[in-house]
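Each chain, letter by letter, is given below.
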Amino acid sequence: MANKVETIIVGAGAAGMNCALELQKANREYLLISPNIGGRICNDEERHMNYGAVFYFGTYKHMLASGLLIEGKDVLPNLGAGCCHHDDGTQYPPISAVTAKDAPSLLKYMKWMREEFIPRYTKFKDDCCVMEVTKALDQDPMIKELFTESAEHMIERLGFGPICHDLISMFAHACTGTKIKDLTALDYLNTVQPLTMDIINVPPLQLLFDLKRFDFDSEGTKQRLSQGSGDVLIDNVAEVAKGEDGWQVKTESGKAFTCDNLVMASPATVTRDLLAGIEGVPEIDVRGASQLTGYLVKGKIKTKYAHHLVHLFDDTIPIIYIASRGASEYEIFTEVDFEVGNRFDEYFDEVEVIGKKFWPEALYTQAHDAVPQNLAPGLIMAGDVNGLGMEPACISGIYAANKVLGKTVD
């Protein structure tokens, strides 16, 4: 392993892995340094359980093209398999008398999503592969407005209120673990794309886009990323500095490297701390993040929850998502620790926690101006800080690689 390389990538989540794959395609030298392979793709490969990114959408054009995710089962085979829960105790399937009365706002939402948002957001994502988010936002005034607008304001402005209250916002809450008042309109709309249905051409209980679980082969991916022009080092980066001959990186195990290009694809707070105080590098202001805990449990769920595969909840309820996995197993995500105070007792007659993962900064969700990606010559920031989820993170990694390759237009 050479001490001087053209590009060092710090972090092997969706951003770092996709940056490496793009450099690998171009036969350009890189070293990927990370404590693990996958980042917040935190997959228990034996039990096929994801504690970080739980599922993918069929709209994940770039992430799916990477071949990193192994297709699993549908999370929600049809909308009739789901159940919505309001904080007043009412519960109902997504297609019900409750949502039927919301038909005018539902039709308005579906039409706008299909004709306006999804085509323009798809173009925005493609732009972000070859230009910074700030410049890509300038290409489309609507997307730029949604980037900083609150989800609540957008819902009221576009007249989506009833259907969002009774269904769409519960799905956004399940995807982000964030109260709707704290979500940006763009992040909200990104997460609810699967709830867009082509009412004319698709059976009414089917989603227009896939919503699937997945597996992830960390060892196989490590081998893939180590092929050709690349190498992988499982280690933590302890220090970053700017030297006369390039960017200097030191690891916790004592290894030292120098590179021409440094791609910081670590979590935004880690990137911020590693780069703090380096002359010529601006201070990084990271937007607020949600805190989530993922559980795999085995037990007997209460009767009121036993008739549906997936349960979605109001954002006033600290449990955000329950999904049956079969064989009396359930995946659950919460905003607080449900083992404290025996909160599982509200949902289960019997329960055993098999696995658990706490994320102090799960998803960067709160409104914020776009964070610059080009921090200094040869220093590029990647990750999900400008858009939550695997797809925006993946795209930021592609952009970083394109910057190294001289293929960007900014």
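Scroll up to find the structure.
Remember, it's a predicted structure, so these values are computed and weren't measured experimentally.

Trainee: How should I be thinking about the sheet that holds strand 8 (residues 91-92) in this particular structure?
Mentor: Sheet strands pair via backbone hydrogen bonds, and the direction of the pair is either parallel or antiparallel. Pairing within the open sheet is mixed, and its seven strands lie in the order 8-7-15-16-17-14-18. Only two strands of the sheet have a single partner each, and these edge strands are strand 8 and strand 18 (348-364). Two strands pair when backbone bridges link them, and strand 7 (residues 82-85) and strand 8 are joined in this way by two bridges, in the antiparallel orientation. Residue pairing in the sheet places cysteine 84 in a bridge with tyrosine 92 of strand 8. Of the strands in this sheet, strand 7, strand 8, strand 14 (289-301), strand 15 (310-313), strand 16 (319-326) and strand 18 are in contact with helix 8 (residues 161-176), which crosses strand 15 at around 100°.

Trainee: Can you help me understand the sheet that holds strand 9 (residues 211-215) in this one?
Mentor: Taking strand neighbours across the sheet as the criterion, the three strands line up as 5-9-6 in an open arrangement whose pairing is antiparallel. A strand with exactly one partner marks an edge of an open sheet, and here the two such strands are strand 5 (55-57) and strand 6 (70-74). The average undirected angle you get between the axes of adjacent strands in this sheet is 45°. Across three bridges, strand 5 lies against strand 9 in antiparallel orientation. Residue tyrosine 56 lies in a different strand from strand 9, and its bridge partner there is lysine 212.

Trainee: Could you clarify how one ought to interpret the packing of helix 4 (residues 103-128) against helix 6 (residues 141-148) in this entry?
Mentor: Describing two packed helices takes the angle between their axes plus the distance from one axis to the other. Running from amino to carboxyl end, helix 4 crosses helix 6 at an angle of 90°, the nearest separation of the two axes being 10 Å. Relative to helix 6, helix 4 is oriented roughly perpendicular. Touching Trp112, Glu116, Phe117, Arg120, Tyr121 and Phe124 of helix 4 are Met142, Ile143 and Leu146, all from helix 6. Of the residues in the contact of helix 4 with helix 6, the class split is seven nonpolar, no polar and two charged.

Trainee: Explain the nonpolar core here, please?
Mentor: General note: in soluble globular proteins, nonpolar side chains tend to be found buried as a group. If you look at the biggest cluster of nonpolar residues, it comprises 103 residues, and the most contacted ones within it are Phe117, Leu146, Tyr188 and Tyr321. Contact partners of leucine 146, with chain neighbours within four places excluded, come to Trp112, Phe117, Met154, Arg157, Thr184, Ala185, Leu186 and Leu189. Listed in part, the 28 residues of the second largest apolar core include Val5, Val371, Leu375 and Val385.

Trainee: Explain the packing of aromatic side chains to me, please; I cannot follow it from the model alone.
Mentor: Here a ring pair, both rings aromatic, is described through the centre-centre distance and the interplanar angle of the planes. Following the criterion strictly, the structure yields 18 aromatic pairs and no others. For the ring pair tyrosine 321 and phenylalanine 333, a centre distance of 6.3 Å and an interplane angle of 50° mean the geometry is tilted. A residue pair is termed long-range when its members are at least 10 positions apart, and tyrosine 321 in strand 16 and phenylalanine 333 in strand 17 (residues 329-334) qualify at 12 residues. The exposure class of tyrosine 321 is buried, given its relative accessible area of 3%. Among the residues examined, phenylalanine 333 registers a relative accessible area of 5% and is labelled buried. Over the aromatic face of tryptophan 247 sits the side chain of lysine 242, whose NZ or CZ is 5.3 Å from the ring centroid.

Trainee: Looking at this structure, how should I read helix 8?
Mentor: Structural remark: α-helix, 3.6 residues per turn; residues separated by three or four positions point the same way. Compared with the 22 Å implied by 1.5 Å per residue over 16 residues, the 19 Å span of helix 8 between its first and last C-alpha is markedly short. Taking the largest bend as the criterion, helix 8 deviates by roughly 50°, centred on leucine 167. Within helix 8, 13 of the 16 residues are buried, leaving the element largely enclosed by the surrounding structure. The positive-phi residue at the C-terminal boundary of helix 8 is glycine 177, with phi of around 65°.

Trainee: Just checking my understanding: could you explain unusual backbone geometry for this structure?
Mentor: Glycine aside, the phi torsion of most residues is negative, and most peptide linkages are trans. If you check the backbone angles, asparagine 27 has positive phi at about 60° while not being a glycine. Tracing the backbone shows asparagine 27 in the loop between helix 1 (14-25) and strand 2 (30-34). Among the residues examined, asparagine 27 registers a relative accessible area of 59% and is labelled exposed. Here serine 328, not a glycine, exhibits a phi torsion of approximately 65°, which is positive. Position of serine 328 relative to the elements: it lies in the loop between strand 16 and strand 17.

The rules behind the values
- Residues numbered from 1 in each chain as written.
- Predicted model: local features only at pLDDT ≥ 70, side-chain atom pairs only at ≥ 80, totals over all residues.
- Heavy atoms only, no water.
- Pairing = 2+ DSSP bridges.
- Helix = DSSP H or I, 4+ residues; strand = E, 2+ residues; numbered from the N terminus.
- Contact = heavy atoms within 4.5 Å.
- Axes fitted to C-alpha atoms, helices over the stretch in contact; angles between N-to-C directions.
- Parallel < 35°, antiparallel > 145°, perpendicular 65-115°, else oblique.
- Nonpolar A, V, L, I, M, F, W, Y, C, P; charged D, E, K, R; others polar.
- Core = buried A, V, L, I, M, F, W, Y, C linked by side-chain atoms within 4.5 Å.
- Buried < 20%, exposed > 50% of the residue type's maximum accessible area, 1.4 Å probe, protein only.
- Phe/Tyr/Trp six-rings, centres within 6.5 Å; stacked < 30°, edge-to-face > 60°.
- Lys NZ or Arg CZ within 6 Å of the ring centre and 35° of its normal.
- Expected span 1.5 Å × (residues − 1).
- Bend = angle between axes of the 7 residues up to and from the residue.

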